[in-house]
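Structural overview
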Amino acid sequence: MLLRVETNFLQLRAFLAVADELHFGRAAKELNVAQPSVSQHVARLERQLGTQLFLRGRDGVRLTGAGEELARGVGPVLRHLDEVLDGFGRRHARRSVLRVGTLSSLAMHLLPRAAAQIRQSSDTDLRESGLPALIQGVRDGLLDVGFCYSTRDMGTFDGLRVRVLDRQPVTVALPDGVGGGDAGPISWSSLEGCRWIMPSASRQYREDMLGRFERHRVDVTVVAEATTLASQLALVSAGIGGTFTSPWVLVPDGVKAMTMQGDEHLDLLAIHNGDLSGEQRELVDTVAELAATSGHRVPRSR
């Protein structure tokens, strides 16, 4: 009599992972899934086969005799299937696509240049968002890597891997004719009473901006808000007021970018969840290289 068992590869892979690790938590980490999912797959497999595959006790997890037999029979088959599929993928798979999250300001100049340089090895799906959505996208695995700036509350990135790609002094964008000469750096006191444009899309970056003024005991007059840095800089170009800008962004005509005196700085970050693949690392390295030579490159404060 032929016994047909409705198993699937997810159940068998979960079983083999636990058989290799003899630990459900480590097996889940190896498979990059939640532990309850592994337990459920193994439980369903045991029900379908009508036998117990693992013994669970105070001394840990171990295979039953039936479990050892199944591991010996199924293990080589699945591993051979993995080799076949990997080889097939290398020969026939489409180009890889990098899912990249970025703030809108970095999408203005830096990220498109980096994506263009690695086009021969992979395609880039560039997704603009605010900082909270970017971080959540990386955490949920919807984004392979994200690019953003540092914030005073670096606990925002807890649980993620953070790499500093470049560090530049805090920089302001002022209308031509405001704030003295174009060389910089300029003092914080020179911003006293300045008309100011605030970002409205990111609560954290807005609070960072206000915190800088508080630390230096400078009062500015907020006259406008804008969602993106491009909109903020357009208002600066129109002479509405000043704003903080990114050191890695080219400023438009009618705007001068100047560094601030002191030791405050802004970091360009790459954030990701787990190890980077070769293509992902190539993109991050390319962004770091371009960051060193891009933007307005105003003089560093001393």
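That block above? That's the structure.
Only a predicted model underlies this, so the values are computations on that prediction, with no experimental measurement involved.

Packed helices, taken two at a time, are described by the angle between their axes plus the distance between the axes. With their axes 8 Å apart at the nearest point, helix 2 (residues 24-31) and helix 3 (residues 35-49) run at an angle of 105 degrees to one another. With respect to each other, helix 2 and helix 3 are oriented roughly perpendicular. Within the contact between the two elements, helix 2 uses Phe24, Gly25, Ala27, Ala28 and Leu31 and helix 3 uses Gln35, Val38, Ser39 and Val42. In terms of residue class, the contact of helix 2 with helix 3 is made up of 6 nonpolar, 3 polar and no charged.

Turning next to the sheet that holds strand 11 (residues 255-259). Strand order in the open sheet formed by 3 strands is 10-7-11, with antiparallel pairing between adjacent strands. Every other strand in the sheet has two partners, leaving strand 10 (243-245) and strand 11 as the edge strands with one partner each. Within this sheet the neighbouring strands show an average axis-to-axis angle of 40 degrees, counted without direction. Alignment of strand 7 (residues 171-175) against strand 10, held across 3 bridges, turns out to be antiparallel. If you follow valine 172 over to strand 10, its bridge partner there is phenylalanine 244. Its contacts with the sheet put helix 9 (residues 229-237) on strand 7, strand 10 and strand 11, and the angle it makes with strand 10 is roughly 130 degrees.

All right, on to the side chain of serine 150 then. Here serine 150 is to be found in the loop between strand 5 (145-149) and strand 6 (161-169). Its relative accessible area of 12% is what places serine 150 among the buried residues.

Our focus in this paragraph is the packing of aromatic side chains. The relation between two aromatic rings is expressed through the spacing of the ring centres and the mutual angle of the planes. On inspection of all chains with the given rule, the structure shows 9 aromatic pairs. Residues phenylalanine 24 and phenylalanine 54 carry aromatic rings whose centres are separated by 6.0 Å and whose planes lie at 70 degrees to one another, so their mutual orientation is edge-to-face. Of this pair, phenylalanine 24 sits in helix 2 while phenylalanine 54 sits in strand 1 (residues 54-57), and the two are 30 residues apart along the sequence. Pair check on accessibility: phenylalanine 24 and phenylalanine 54 agree, each one buried. Three or more aromatic residues joined by ring pairs form one cluster here, namely Trp188, Trp196, Phe213 and Phe244.

The next subject is the sheet that holds strand 4 (residues 123-128). Pairing in this open sheet of 5 strands is mixed, and the strands run 4-3-5-12-6 from one edge to the other. Strand pairing shows two members of the sheet lacking a second neighbour, strand 4 and strand 6, which therefore form its edges. Sheet twist, expressed as the mean angle between neighbouring strand axes with direction ignored, is 20 degrees. Across 8 bridges, strand 6 lies against strand 12 (residues 265-272) in antiparallel orientation. The partner of glutamine 168 across the bridge, within strand 12, is leucine 266.

For the rest of this paragraph, the subject is the pattern of salt bridges. Enumeration over the complete set of coordinates arrives at 13 salt bridges. For aspartate 267, the salt bridge is made with arginine 167, and the minimal N-O distance between the two is 2.6 Å. You can see aspartate 267 sitting in strand 12 and its partner arginine 167 sitting in strand 6, a full 100 residues away along the chain. Looking at aspartate 267, the relative accessible area reads 7%, which means it is buried. The shortest N-O distance in the salt bridge between arginine 215 and glutamate 264 comes to 2.9 Å. Here arginine 215, found in helix 8 (residues 203-215), pairs with glutamate 264, found in the loop between strand 11 and strand 12; they are 49 residues apart in sequence, far enough to count as distant. Taking relative accessible area as the criterion, arginine 215 reaches 41% and is therefore assigned partly exposed. Where salt bridges share partners, they join Arg212, Arg215 and Glu264 into one cluster.

So, on to the pairing of strand 12. Taking burial as the measure, the 8 residues of strand 12 include 7 buried ones, the bulk of the element. Across 4 bridges, the pairing between strand 5 and strand 12 is antiparallel. If you follow cysteine 148 over to strand 12, its bridge partner there is leucine 269.

Turning next to unusual backbone geometry. A positive phi angle, near 50 degrees, is found at leucine 22, a position not held by glycine. Relative to the helices and strands, leucine 22 resides in the loop between helix 1 (9-21) and helix 2. Accessibility expressed as a relative area gives 36% for leucine 22, which makes it partly exposed. For arginine 217, which is not glycine, the phi torsion reads 55 degrees and is therefore positive. Mapped onto the secondary structure, arginine 217 falls in the loop between helix 8 and strand 9 (221-226). Take arginine 217: its relative accessible area is 77%, and that puts it in the exposed class.

Rules behind the numbers
- Residues numbered from 1 in each chain as written.
- Predicted model: local features only at pLDDT ≥ 70, side-chain atom pairs only at ≥ 80, totals over all residues.
- Heavy atoms only, no water.
- Axes fitted to C-alpha atoms, helices over the stretch in contact; angles between N-to-C directions.
- Helix = DSSP H or I, 4+ residues; strand = E, 2+ residues; numbered from the N terminus.
- Parallel < 35°, antiparallel > 145°, perpendicular 65-115°, else oblique.
- Contact = heavy atoms within 4.5 Å.
- Nonpolar A, V, L, I, M, F, W, Y, C, P; charged D, E, K, R; others polar.
- Pairing = 2+ DSSP bridges.
- Buried < 20%, exposed > 50% of the residue type's maximum accessible area, 1.4 Å probe, protein only.
- Phe/Tyr/Trp six-rings, centres within 6.5 Å; stacked < 30°, edge-to-face > 60°.
- Salt bridge = Lys/Arg side-chain N within 4 Å of Asp/Glu carboxyl O.

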